Amino acid sequence: MKVTILLLAILGLVAAGPYPIKDTKFADKEFLAKQKFLFEIVYRVEDPLMFEEYIKIGKSFVYHKEDYNLPEHHNDFMEKYYKAYKYGVTLPKGEFFAATVETHMEQLSGLFDFFYYAKTWEIFQRNVCWARLYANEALFVHALTMAVMHRPDFEYFTLPAIYEIFPQYFFNSKFVFEAEKFDYDVWSKYIMYEKEYKDVIYTDYAKYFKQYKNYNYFYTKDWKVWQWWKLMGLGEHWYTEDHFIMRDNMHDLSKETKYHEMMKDVKMFWMPVDYTRDIYFYNQESELSYFTEDIGWNSFWYYFNLDYSTFLKGDDFDMVKDRRGEYYFYIVRAMLARYYMERLSHGYGEIPEFSFFSEIEYGYDPQLIHYNGVGFSYRKNYFDYETYGNFDYLYKVLGFFQRIEGIITQGYYTTADGHKIDFHKPEAIEYIGNMLHGNIDAYDKYFFTFWYSYAHMYFGYVENTDFVYPHVFLNYETMMRDPIFYQFYKKVTNVFFKFYEFVDPYTYKDLYFPGVEIEKVVVSDLVTYFDLVDFDVTNLMNEKPTFVDGEFVWDKTLLARQMRLNHKDFEFEFTVKSDKDQKAVVRVFFGPKYDEFGQVIPLHENRENFIEFDDFYYELKAGVNTFKRSSKDFYWTADDRTTYTELYKYIMLAYEGSYDFPLNHNYSHCLYPDRLVLPRGWKKGMPMQFFFFVSPFTGSYEPSYSYDYTYHCGDKRGIHNTDDMPFAYPFDREIDEFEFFVPNMYFKDVKIYHKDTFEKYYDYKYNEFGSFDYSYFYKY
């Protein structure tokens, strides 16, 4: 058992949270063959399918309705998609797929049904191969990802991360072009002559740092953090990697014998990659690009929106227990609060208010390129949507906001069958959430379910809904890169907060836990820093793949080496008194204390800015209870994922019988990056505050001690709800400060210290200038 836990720790897979991991199960040959198929079918997905076996399976496709387990009330999108395919009017390969465009969403729904409702694995595999041959690439990946996430019989299956399937949506065009033209033979010749010309190629920039100490990178590129490679005397081209793929668990991997065995024949190459910065026109928002363009940040939003896709009916996909409408608000609210904290760490303050009729002060150039070669649209500073937008969409979106705000103010909604819903009761948040999410569970679905698409189509300059130009606002994996995302979604959350104006605040009696008092909570040091990570971008390669005896050989991997925000582990030590044995839930919130002007933010306003870090079940004993909780225990966060290359090699090693492959090998898609829970902070310490709250356990079910959050938290069973209280309780409602404070809550002032991990390079020349400093990780 110790060996198993060690192996899982090496893979970065040990469960985080209050419940221990279940007994490890290992994959059999049948499972491995299926998992191998899923990894191979999305390999270089924008290229023609290169596996002869799968081509043959795909060409055997025939459409028989009896091959599918369709519910009685099922829509006809699947049949419509097949008819459109026969007539050649589905979205062609190479075109830009936009998940929020109405016509594209209909095709997505139809193709998803071909995968999700297939009766057997054989039918599913045939359909997937057929779609891989003929469907639009991005449409195919979106539908397949959803099917793997939602099919009950696919519990342990996984796909590579979305940023590994489509790196084009996450890295700038300069890097993508360099990756696509990578040629091993050319690289080998180049590297032979590199040392000869190193004195010419590399320049020691260290001497400039003292001279231009306060140089503002709004006007020039900052070499200190984002372009870290220049501090080491490196340029933007490919380097060989002889050590390991960098990420949180790299030191463990470097000690693992099996890891070295399976990776020994893989040639690894890495290249530095920068974030987007608007160097051609002034834009202070670009200083936050390390956060808004963070791969973990954007992929979290992507998977959340696939998990709770707007066209999936809650009853059919068992989302009712998850309270999907309320949960949508909870997630959006948390994302905005987290973005606001990052703004505060730069002194920017409130997210600007959005208006359809005002200029947008700060533009955004994503510097992305679609795999068909077309660049993404950009927005200049002081952009006026009213001039360029589609007025049909604008009027529909404005009409939606007027209607939903009218319903909230009026206090009730009348359904088509004459039933009245009271919209001044707390439980009405579920209805409000479904409406604002624009999902199919919303009442009056013919009105509420399309407003969301119209809004994104408006921002994405969509005119023709069949052929769309690339724009970040049209897909979930890219939309959070744009600062206007946060401004618009702030307008959305304001509707939720308006709803709570009509809900009574909690009273002292509501919040008081008789006999329980939090005496103190000790918080360890909070330290953030920037570290380096490698992302697998092998799907960008254009080289001809290697096959030996018909079997695919993964012999090369390309890596994007990027700086990203991280933090050191921290922990809490609780001291809680209880007058008897009783079941409790402990909640941990985190939020700002001061605004950008150094003024204390009143609690009744600040409640919107608190993020729930953690909540967990705990059995209090009579007397004084002392217990600890680490940031690694947060049940909804995860470390770095195992890469595409590594997982494929593990699968093949197990398929050949040389390795026991644990079924719970990957993190669930719905987990949030652990490294992003804290904002950047300041060198001198950024004042923040924790809020701790202990309440009676009110769950309708007993906590499962065998439940493993690392791969189940996306299940639609409400299991991630620790108890039956509202999400963000007790910060969900407005606060009456005369009633709010009780002994079972505790505020703790803290500071976040930011350590500059590259400061050591500023004052002296790096001795190995011109090569990567692998001792970098041991110097801070």
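Just so it is clear, the model here is predicted, and its values are computed rather than measured.

J.: Quick rundown of the overall build of the protein chain? Include the residues and the values.
T.: Within the protein chain one finds 29 helices and 17 strands. Across the 780 residues that make up the protein chain, the buried fraction comes to 62%. Summed over all atoms, the accessible surface of the protein chain reaches about 31,300 Å², with 50% contributed by carbon and sulfur.

J.: Requested: an account of the pattern of salt bridges, with residues and values cited.
T.: Within this structure, the stated rule accounts for 39 salt bridges. Taking the shortest distance from any N to any O, the salt bridge between Arg629 and Asp614 comes out at 2.5 Å. Residue Arg629 is located in strand E13 (residues 623–630), and its partner Asp614 is located in strand E12 (residues 611–620); the two are separated by 15 residues in the primary sequence. Where Asp674 meets Lys632, a salt bridge forms, and the shortest distance between an N and an O atom there is 3.8 Å. Highlighted residues: Asp674 in the loop between strand E15 (672–673) and strand E16 (686–696) and Lys632 in the loop between E13 and strand E14 (637–638), separated in sequence by 42 residues. Beyond isolated ion pairs, a larger network of salt bridges with shared partners links Asp248, Asp531, Arg564 and Asp640.

J.: With reference to specific residues and values, describe the sheet that holds E13.
T.: Here three strands make up an open sheet; going across it, the order is E5-E10-E13 and the pairing antiparallel. Each having just a single partner strand, strand E5 (516–523) and E13 make up the two edges of the open sheet. Pairs of neighbouring strands in the sheet enclose a mean axial angle of 20 degrees, with direction left out of account. Where strand E10 (residues 571–578) and E13 come together, eight bridges link them in antiparallel fashion. Looking at the pairing, Val576 lines up with Asn625 of E13.

J.: Explain the packing of helix H5 (residues 102–116) against helix H6 (residues 121–134) to me, using residue names and the numbers behind them.
T.: The N-to-C vectors of H5 and H6 enclose an angle of 145 degrees; their axes lie 8 Å apart at closest approach. Residues Leu111, Phe114 and Phe115 of H5 form the contact with H6, whose participating residues are Phe124, Asn127, Val128, Trp130 and Ala131. In terms of residue class, the contact of H5 with H6 is built from seven nonpolar, one polar and no charged.

J.: Explain empty space enclosed by the protein to me, using residue names and the numbers behind them.
T.: Over the atoms, a rolling probe the size of a water molecule traces out where space has been left empty. Following the criterion strictly, the structure yields 13 cavities of 30 Å³ or more and no others. When its volume is computed, the largest cavity comes out at roughly 480 Å³. For the largest cavity, the lining is made up of 34 residues, of which Tyr327, Tyr330, Ile331, Tyr635 and Trp636 are closest to its centre. The leading source of residues in the lining of the largest cavity is helix H18 (residues 324–344), at seven residues. Per-class residue counts for the lining of the largest cavity are 24 nonpolar, three polar and seven charged. In this structure, the second largest cavity occupies an estimated 340 Å³ of space. Lining the second largest cavity are 26 residues; nearest its centre among them are Tyr163, Gly296, Asp639, Asp640 and Arg641. Of all the secondary structure elements, the ones that give two or more residues to the lining of the second largest cavity are helix H8 (162–165), helix H17 (295–307), strand E6 (526–536) and E15. In terms of residues, the lining of the second largest cavity owes the most to one element, H17, which gives five residues. Residues that form the lining of the second largest cavity fall into these classes: 11 nonpolar, six polar and nine charged.

J.: Tell me about the packing of helix H7 (residues 137–150) against H17, and please be specific about residues and values.
T.: Where H7 meets H17, the axes come as close as 10 Å, and the angle between the chain directions of the two elements is 70 degrees. One way to sum up the angle between H7 and H17 is to call them roughly perpendicular. Viewed along their axes, H7 and H17 form a crossing whose handedness is right-handed. Contacts between H7 and H17 involve His142, Thr145, Met146, Met149 and His150 on the former and, on the latter, Tyr302, Tyr303, Leu306 and Asp307. A class-by-class count of the residues in the contact of H7 with H17 yields five nonpolar, three polar and one charged.

J.: How would you sum up the nonpolar core? Please name residues and give values.
T.: If you look at the biggest cluster of nonpolar residues, it comprises 249 residues, and the most contacted ones within it are Phe115, Phe140, Leu144, Trp301 and Phe690. Top element by residues in this core is H18. It accounts for 14 residues. Counting 13 residues, the second-largest nonpolar core is a separate cluster that includes Phe691, Tyr729, Phe740 and Met745.

Quick notes on the rules
- Residues numbered from 1 in each chain as written.
- Predicted model: local features only at pLDDT ≥ 70, side-chain atom pairs only at ≥ 80, totals over all residues.
- Heavy atoms only, no water.
- Helix = DSSP H or I, 4+ residues; strand = E, 2+ residues; numbered from the N terminus.
- Buried < 20%, exposed > 50% of the residue type's maximum accessible area, 1.4 Å probe, protein only.
- Areas by Shrake-Rupley, 256 points an atom, 1.4 Å probe, with all protein chains shown as cover.
- Salt bridge = Lys/Arg side-chain N within 4 Å of Asp/Glu carboxyl O.
- Pairing = 2+ DSSP bridges.
- Axes fitted to C-alpha atoms, helices over the stretch in contact; angles between N-to-C directions.
- Contact = heavy atoms within 4.5 Å.
- Nonpolar A, V, L, I, M, F, W, Y, C, P; charged D, E, K, R; others polar.
- 1 Å grid on protein atoms, 1.4 Å probe; cavity = no way out; pocket = protein on both sides within 12 Å on 5 of 7 lines; lining within 4 Å.
- Points joined across faces, edges and corners; volume = space filled by probe spheres on them.
- Parallel < 35°, antiparallel > 145°, perpendicular 65-115°, else oblique.
- Left-handed = near helix turned anticlockwise from the far one by under 90°.
- Core = buried A, V, L, I, M, F, W, Y, C linked by side-chain atoms within 4.5 Å.

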